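Structural overview
For reference, the chains in residue letters:
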Amino acid sequence: MQASIVVLLVVGVAALVLAAPAEEKDAQVLKYDNDHNGIDGYNFQFDTSNGIQRQEQAQLKQFDDENAALVVRGSYSFTADDGQVYTVNYVADENGFQPEAPHLPK
């Protein structure tokens, strides 16, 4: 009987340790995708063990005969110290960097 209690206790402690948030310095990349389309653009995304997620796409936009630039769209999410997940969506184009999120000032 006592052996089963010890096993349950060890399993319970291990579950708590594994469920605890990862320290920033110990974060591991869980998912990473990257596709580079040469000069025409790119897209990538990654997830880490500490809850950070990021994704971004870029496409070449021709403004006129002589001017072209990448237009970038993406988002990132993270869990703050208050336990809340914050997400920022953004566009970077001819109008500059334009982030949007409920927690950002307007």
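Heads up: the structure comes first, above all this text.
Okay, so let's go over this structure. Being a predicted model, the structure only gives us computed values, none of them experimental. For every chain, the first residue of the written sequence is number 1, and numbering continues from 1 onward in sequence order. Local features in this predicted model are restricted to residues of pLDDT 70 or higher, and side-chain atom pairs are both shown and tallied only at a pLDDT of 80 or more, whereas totals for entire chains, interfaces and linings draw on every residue. Side-chain figures throughout are based on the complete set of non-hydrogen atoms in the structure, without hydrogens or water.

**Topic: the overall build of the chain**
A run of H or I in DSSP becomes a helix once it reaches four residues, and a run of E becomes a strand once it reaches two; helices and strands are each numbered from the N terminus. In terms of regular secondary structure, the chain is built from 1 helix and 6 strands. Listing every helix and strand of the chain by position from the N terminus yields α-β-β-β-β-β-β. Exposure is judged per residue with a 1.4 Å probe applied to protein chains only, and the accessible area is read against the type maximum: over 50% gives exposed, under 20% gives buried, and values in between give partly exposed. Counting every position in the chain, which comprises 106 residues, the buried fraction comes to 16%. Here the Shrake-Rupley method, with its probe set to 1.4 Å, supplies the accessible areas, and only the displayed protein chains count as covering residues. Approximately 8300 Å² of the chain is accessible, and the part contributed by carbon and sulfur atoms is 56%.

**Notes on the pattern of salt bridges**
Salt bridges are identified by distance alone: a Lys or Arg side-chain nitrogen within 4 Å of an Asp or Glu carboxyl oxygen. Counting across every chain of the model gives 2 salt bridges. For Arg54, the salt bridge identified is with Glu56, shortest N-O distance 2.6 Å. With relative accessibility at 29%, the residue Arg54 sits in the partly exposed group. Overall, Glu56 belongs to the buried group, its relative accessible area being 7%. The salt bridge involving Lys61 is made with Glu94; its shortest N-O contact spans 3.1 Å. Of this pair, Lys61 sits in strand S3 (residues 53-62) while Glu94 sits in the loop between strand S5 (85-93) and strand S6 (96-100); the two residues are 33 residues apart in sequence, bridging distant segments of the chain.

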